[in-house]
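Chains, contacts and geometry: an overview
Chain by chain, the residues:
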Amino acid sequence: RRQNRRQAREERQRLRQITDLLPQLVFAKDESGTFILANEAVADAYGTTVDKLQGAKDIDFAESEAEADQFRADDRAVIDSGEPKEIDAEPLTTADGTERIFATKKIPYDPVDSSGDAILGVSTEITELKQREKELEVQSAAMEAAMDGISILDADGEYIYMNEAHAAVFDYNPDDLLGSSWRRLYDEEEIRRLEADVFPTLEAQGQWRGETIGRRRDGTPVSQEITLSSLPDGKLICTNRDITERKDRQSELEQYEA
């Protein structure tokens, strides 16, 4: 028995050393919400030590009572159902007042040296990922609200993104053109001009700005002022603006003056 107890202590110590090296928050709590296992990452988040965490509860260290209540509710849901639970994004306010976001998985756990039900959890920080997602959402909203047309083409010249304003120049909806080649919107003569004159300049300088003549859904010509910018991965950003009315007025003025 003494040998078994010694081996069990040694195994726990090795497990502790391994979990303390992990950047993820690793923890186990019994049915009362008391920590029976926690690694250094959990202790650092709460501004305490592993020894002080064991035997304590989230509410004893949490900066937010609401967060502690939510952790407790998730723990109970796993224990009551006997099923794992994945939380895609949950906030944790650390001891320094910083809100960090974690993706957490909790599973039922049968502790070796204590009776009763428990949960084992692992939380991976996704704060930076969520911040990038928010930034992309803001950028996407700005692009959709822009008065100028904006589109992105892949290395094969097919549209992979297009806002409403870009598609409206050609009298289409974005969904009508996504996956299509830009050549769909130009006649053969304009395609040859772009391939012969514009794309070599774009390849050499990384950007081109000028005027083109496209074709609307009904085949009528549309004059555009466009800017093309190439990206290192071969993608192409295109902004366009319908200048048909301006060109028509200019032509009328020239005729009047003549």
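This section reports on the structure supplied with the text. Predicted model, so just to flag it, every value in this text is computed and none were measured.

Things to note about the environment of Val 78
Mapped onto the elements, Val 78 comes out in helix α5 (residues 65-81). We classify Val 78 as buried; its relative accessible area is 1%. Separated by 60 residues in sequence, Val 78 and Ile 18 have C-alpha atoms that sit 25 Å apart. Setting aside residues no more than four positions away along its own chain, Val 78 makes contact with Glu 83, Lys 85, Lys 106, Ile 107, Pro 108 and Ile 119.

Here's the deal with the pattern of salt bridges
One pass over the full model with this rule turns up 19 salt bridges. Salt-bridge contacts for Glu 195 lead to Arg 183; the nearest nitrogen and oxygen are separated by 2.9 Å. Of this pair, Glu 195 sits in helix α9 (residues 188-205) while Arg 183 is found in the loop between α8 (174-177) and α9, placing the two residues 12 residues apart along the sequence. Among the residues examined, Glu 195 registers a relative accessible area of 37% and is labelled partly exposed. Notably, a salt bridge pairs Glu 245 with Arg 249, separated by 4.0 Å at the nearest N-O pair. Highlighted residues: Glu 245 and Arg 249, both in helix α10 (residues 244-257), separated by 4 residues, approximately one helical turn. Note on Glu 245: relative accessible area 59%, which makes it exposed.

Rules of the game
Residues numbered from 1 in each chain as written. Predicted model: local features only at pLDDT ≥ 70, side-chain atom pairs only at ≥ 80, totals over all residues. Heavy atoms only, no water. Helix = DSSP H or I, 4+ residues; strand = E, 2+ residues; numbered from the N terminus. Buried < 20%, exposed > 50% of the residue type's maximum accessible area, 1.4 Å probe, protein only. Contact = heavy atoms within 4.5 Å. Salt bridge = Lys/Arg side-chain N within 4 Å of Asp/Glu carboxyl O.

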